[in-house]
Amino acid sequence: MLRLLVQPGWHVANEPAQSLPLTVPAALLVVLATEGGWRTREQLAAVFWPEATPEDARHHLRINLHRARSMLAAWGAPEGLEAERHRVRLTAPCDLVPLDDTTTAPQHPGPWLQGWHLGGYEGFQEWRMAAQRRLLDRWQHAAVQAPSAASSAAFGPARAAAPAAATSALPGRDAELAALQRAAHPAVVVLGEPGAGKSTLLAAAFPGSPVLRGLRGLDRLPYRPVLDALRQHTAQLERALADPFSRLRPYRLDLARLMPELAPDEALPPLDALTARTRLTEALVRAFEQLAPLLIVDDLQWCDGATLEWLALLAHDGRLRWRAAARSTELTGAPQELVSDLELAGRLQTVRLGPLPRQALSAVCLWQGSESDWPDEALDRLHVLGGGNPFLIGELVRLHREALLEPGGDAGVQAGVQVEVAQLVQRRLQSLPQAAAEAVRMAAIFQQDAPAVGLVDAAPDAARQACEAAAQAGLLRPLGSGYVCAHDLIRDAVLAALAEPGVQALHRRAALWLAAQEHPAPDALVIAHHWEQAGEAQTCLAWLHRGALQLKARGRFDEARERWHRVAQASLDAAQGLRARLELAACDLFDDLARGEAALRGVQAQLHAVADLSARRLLEGQLCTALVDNRVFAGDIASARQHAARLRELLPDLGPAAQVEAHEVLIELAMREPDIPAAWASLGEVRRLAPRRPSLLSWEGQIHWFGGEVQPAHDALSRLLALHPEYCSGMTIENDLAVMLHALGRVDEALTMIRRALVSWAGVPHAEALSLLVLGVILISAGRHEESDEALQRSLALARAQNSPGFETEGLVRLARLRLAQGRPEDARQLLREAAAFVAESPEPLRVSHWIWAETLCAERLGEALSPASRSRLQAMTGLSQHPLVHLRWARVRWAWAHAAQDAVAATAAAEDMARLAERGPLPESQAEAWRLLALTAAGAGAATSFEARAQALALKCGFALPRVPAAFNAA
């Protein structure tokens, strides 16, 4: 049999398996097996050789079909491939239900071709991705349309097996079960009282579906139910993430923000709030799509805000359906709003689960395991006492069967769910061994599943035996790799019976046990919750700070701020309070640079409240890092230098992570001073301290660029993009690469790349402003002036909204450059005057040279005198920077002065210097400009025409718009 699931290859019983080779003949078998039925030769050839001529494609196909038939013959299936003149089909048996089979329940496509990849055939890779999507769509459709009948086959190996009880009919619930399975809405919520059987109904309707469990008391912990559900399927997620063609793989690092174990010891690229949240949301959708076509949400009323937001998105998107259970009496606040809003939008249906009817009780008793028939009189009493509540009826049958079967034997048996359950649970707890009772109490405290050794303070075997005893008594049930209370009502009853000191002691024990775990890393907010319940407020705040860092990494900035505000206001530890304030300032660092600096200065004023010298120096180092970063982006290089000097003094007192962050902001400053050797030195320290840090190649590319090495800068960034395309949402790779492509004269590629950057950074003010600046100047080069104007105006508005004089100046100068290209030098002069004050104080050669270059061209066009001060300043800048753009601008300014003086020899020398510099770059746009200048100063018409032709040819090749020189122009 040809196997395409799990381990692709040829498998024969009692014989060693033959692996499927990574060849075109094997890939042909894959296509035929997956599609099913007859395929025309043209269809097959188009998959592998779409660019070939029909004759060549048929030739390649004929050869590879022959090899495929030989492969099957070697495997003992010589008749496995049937070929006719115009069509081919596979007749050998295969474990995959083909796409053309509409009668057999399809399998989950998760393991399809896992670990098998054929390189070099883009058409086949496109077919593979499309086929996997079709397989998944078909599986999801079949599973949702007929979940009960198709559960075992449709859900395949990626689904957990459902318990036996879940596949049985539910007594008295046939109508609700059928209605639930027929529901077409993206979301359905089953409402009922505690113990009404909501969860049991959902499990029966959709066996094996992943379950998100809302937990009382943990409803303020973002994504808690989602995380717990995903960790039940870690192995399947790891397999999907390892497959380079999986739809989940591009979101590997985003999913690792929630599950760090998926990318151990791997640094995650920094993300802004909007991007992090958006990408994590999509990652979660794709992760669950790998597992099932439908989710179950238990106890929706206790789900956190982040999970509710995600469920709302699913309901509106419709890609992944969900069915939830909620206590009707406790559905309030945000969960109630979710249900109401989705109902109004027509995206959600509610199903109300009432009491069990009297006529169902006989079957219920049998379903609960009662060995004898119950007389009508006893069933009547049971119905009255249980109030039609399935859970309470089950408990009554379990503990009071003998009394209820006797006439008048119900004396002392109380009605009412909460009262009766509390009494029944306490009786069962008292009958258990001490260790088993301890396990139940700890499970009630943990709420989420915990292993036996976490519930019982004993050796692993003894702890497991205690939990099994509690499970046999119906008080615990296995979940994942641990145990939970068998029902929420049991948990509530256990907690209600505990005195406050006992509750606090158990919460303290839970916090200590969770904090000691390493794999997976503990959720700091859960630990903070347990410390809070233990009455340890200050210890809680320390964990709350760590939890806020986790929230920020997941894009939940608002929730992170709320935790840090709480820490800053309530902490009695000065260092801890200032750390929280520092993080609060960092949240606003780039949205409003002036406000961010003011917040950092506020922290600086409180540093001496920290008594411990080492803690104070660490905090000061982190503060200086933030201040350098803030001032560099504001363009205030002088202030950034002052903070950097202090930061260098503090470096030895910082830990490795803080040192890495410090060196990265020092690189930003060094590139702009410019001090390229210092930038390389800091990068060396980052590489030493964090050799796997995602930003290393990005910094390498940027330092090359600021050092004037355009091609090496491009190569480093291209390598980074090829290795880690997922980093584009955390670093400005596409933006930086667009700058290099533009400089290298690849205008169309630069435009494509910068538009990608705008998509990656939409809604992030500082990065979006930067991308618009780059887009604007590329469009100027391309001669697309209206589009450039729009991009630069948007960038200027964003820069002003951020209080960023550096970005504002860049926007003004680039707009002036555009006005010059449009033939509007008066408008350009006004824009340059607006930028003059900032440029006057700037030490950055690239920024200053750009302004002086534009000022010179503006004066030239207006016939005004050139500025000697600007000329002297730019000449001095050339001694500070080796960047070719600085020297090219200096050559252009020299040409303007020579031309104004009618010194043809000096003008020609300046243009020749410009041409040499541009060729060495290579910087084609500057080279074309240099040839155009040489045409203007050429002694004869032939030389002028030759230079002009070369300039125009190069501009045409690269996509630049270069104005032609008037034929009658004479430089002399």
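Residues numbered from 1 in each chain as written. Predicted model: local features only at pLDDT ≥ 70, side-chain atom pairs only at ≥ 80, totals over all residues. Heavy atoms only, no water.

With an unreviewed UniProt entry as reference, the protein is termed AAA family ATPase, source organism Roseateles paludis.

**Concerning the packing of helix α36 (residues 765-781) against helix α37 (residues 785-801)**
What counts here: For helices, the axis comes from a line fit to the C-alpha atoms of the stretch in contact; other axes are also lines fit to C-alpha atoms, and the angle between any two N-to-C directions lies between 0 and 180 degrees. The helix and strand labels rest on DSSP assignments: H or I over at least four residues marks a helix, E over at least two residues marks a strand, and numbering proceeds from the N terminus. Geometric relationships in this document are graded by angle, where less than 35 degrees denotes roughly parallel, more than 145 denotes roughly antiparallel, 65 to 115 denotes roughly perpendicular, and other angles denote oblique. Crossing handedness follows the turn of the near helix against the far one: under a right angle anticlockwise gives a left-handed crossing, and clockwise gives a right-handed one. Any two residues whose heavy atoms approach within 4.5 Å at even a single point are treated as in contact. Three categories are distinguished: nonpolar for Ala, Val, Leu, Ile, Met, Phe, Trp, Tyr, Cys and Pro, charged for Asp, Glu, Lys and Arg, and polar for the others, with Gly belonging to the last.
Packing of α36 against α37 leaves a shortest axis separation of 8 Å and a crossing angle of 155 degrees. Taken together, the axis directions place α36 and α37 in an arrangement best described as roughly antiparallel. Crossing angle aside, the handedness with which α36 passes α37 is left-handed. Listed contacts from α37 to Pro765, Glu768, Ala769, Leu772, Leu773, Leu775, Gly776, Leu779 and Ile780 of α36 are His785, Glu787, Ser788, Ala791, Leu792, Arg794, Ser795 and Leu798. Classifying every residue of the contact of α36 with α37 by side-chain character gives 10 nonpolar, four polar and three charged.

**Digging into the pattern of salt bridges**
Note the cut-off: One speaks of a salt bridge when a side-chain nitrogen belonging to Lys or Arg is within 4 Å of a carboxyl oxygen belonging to Asp or Glu. Per-residue accessibility, obtained with a 1.4 Å probe over protein chains only, is compared with the maximum for each type, and a residue is labelled buried under 20%, exposed over 50%, and partly exposed between these values.
Across all of its chains, the model carries 58 salt bridges by this definition. Here aspartate 492 and arginine 216 are joined by a salt bridge, their closest N and O atoms 3.3 Å apart. One end of the pair, aspartate 492, is in helix α21 (residues 488-497); the other, arginine 216, is in the loop between β8 (211-213) and α8 (224-231), with 276 residues separating them in the sequence. We classify arginine 216 as partly exposed; its relative accessible area is 31%. For arginine 556, the salt bridge goes to glutamate 559, with nearest N and O atoms at 2.7 Å.

**A few points about the nonpolar core**
For the record, the criterion: We call a set of buried residues a nonpolar core when its members are Ala, Val, Leu, Ile, Met, Phe, Trp, Tyr or Cys and they connect through side-chain atoms within 4.5 Å of each other.
In this structure, Ile667, Trp705, Leu775 and Ile778 are the most contacted members of the largest nonpolar core, which totals 74 residues. In this structure, isoleucine 778 is in contact with Ala738, His742, Val747, Ala750, Leu751 and Ile754, ignoring residues within four places of it in sequence. If you look at the next biggest cluster of nonpolar residues, it comprises 72 residues, including Ala378, Ala437, Ala450 and Val503.

**Here we look at the packing of aromatic side chains**
For the record, the criterion: Pairing of aromatic rings covers Phe, Tyr and Trp, the last counted by its six-membered ring, and requires centre-to-centre distances within 6.5 Å; plane angles under 30 degrees mean stacked, over 60 mean edge-to-face, and any other angle means tilted. Criterion for a charge above a ring: Lys NZ or Arg CZ within 6 Å of the ring centre, and within 35 degrees of the ring normal.
One pass over the full model with this rule turns up seven aromatic pairs. Measuring from ring centre to ring centre gives 5.5 Å for phenylalanine 288 and tryptophan 310, while their planes differ by 45 degrees; the resulting arrangement is tilted. Here phenylalanine 288, found in helix α11 (residues 273-289), pairs with tryptophan 310, found in helix α12 (residues 305-317); they are 22 residues apart in sequence, far enough to count as distant. When the ring of phenylalanine 446 is compared with that of tryptophan 513, the centres are 5.8 Å apart and the planes differ by 85 degrees; the resulting orientation is edge-to-face. Residue phenylalanine 446 is located in helix α18 (residues 434-446), and its partner tryptophan 513 is located in helix α22 (residues 500-515); the two are separated by 67 residues in the primary sequence. Linked through ring pairs, Phe48, Trp49, Phe124 and Trp127 together constitute an aromatic cluster. Positioned above the aromatic ring of tryptophan 897 is the side chain of arginine 871, whose terminal nitrogen or guanidinium carbon lies 5.2 Å from the ring centre. Across from the ring centre of tryptophan 931, 4.3 Å away, lies the NZ or CZ of arginine 950, which sits over that ring.

**Regarding unusual backbone geometry**
Looking along the chain, the bond that leaves glutamate 673 and enters proline 674 is cis, with omega of -10 degrees. With respect to the secondary-structure elements, proline 674 resides in the loop between α30 (656-672) and α31 (676-689). In this structure, the amide linkage connecting glycine 921 to the following residue, proline 922, adopts the cis form with an omega of -10 degrees. Structurally, the position occupied by proline 922 is in the loop between α43 (904-920) and α44 (924-937). Positive phi, close to 70 degrees, is recorded for glutamine 447, a residue that is not glycine. Among the structural elements, glutamine 447 can be located in the loop between α18 and α19 (452-455). One non-glycine residue with positive phi stands out, namely glutamine 902, at about 55 degrees.

**Observations regarding the side chain of arginine 323**
Going by this rule: Asp and Glu are treated as the negative residues and Lys and Arg as the positive ones, with His and the ends of the chain left uncounted.
When you line up the elements, arginine 323 lands in strand β10 (residues 321-327). It is glutamate 343 that comes nearest to the buried, bridge-free arginine 323 among opposite-charge side chains, at 13 Å. Beyond its immediate sequence surroundings of up to four residues, arginine 323 is in contact with Leu180, Ala183, His185, Pro186, Ala187, Val188, Leu202, Phe206, Leu294, Leu295, Ile296 and Val297.

**Structural notes on the sheet that holds strand β4 (residues 39-40)**
What counts is decided by this rule: By definition, two strands form a pair when at least two bridges between them are found by DSSP.
With antiparallel pairing, three strands are arranged side by side in an open sheet as β4-β6-β5. Edge strands, defined here as strands with exactly one partner in the open sheet, are β4 and β5 (81-83). Taken together, the two bridges between β4 and strand β6 (residues 87-90) define a ladder with antiparallel strand orientation. Residue pairing across strands places threonine 40 opposite arginine 87, the latter belonging to β6. The strands touched by helix α3 (residues 54-74) are β5 and β6; relative to β5, the strand with the most contacts, the crossing angle is about 145 degrees.

**Observations regarding the environment of methionine 259**
With respect to the helices and strands, methionine 259 occurs in the loop between α10 (252-256) and α11. Spatially, the C-alpha atoms of methionine 259 and leucine 227 are 7.4 Å apart, while their sequence positions differ by 32 residues. Apart from the residues lying within four places of it in its own chain, the contact partners of methionine 259 are Leu227, Leu230, Arg231, Thr234 and Leu237.

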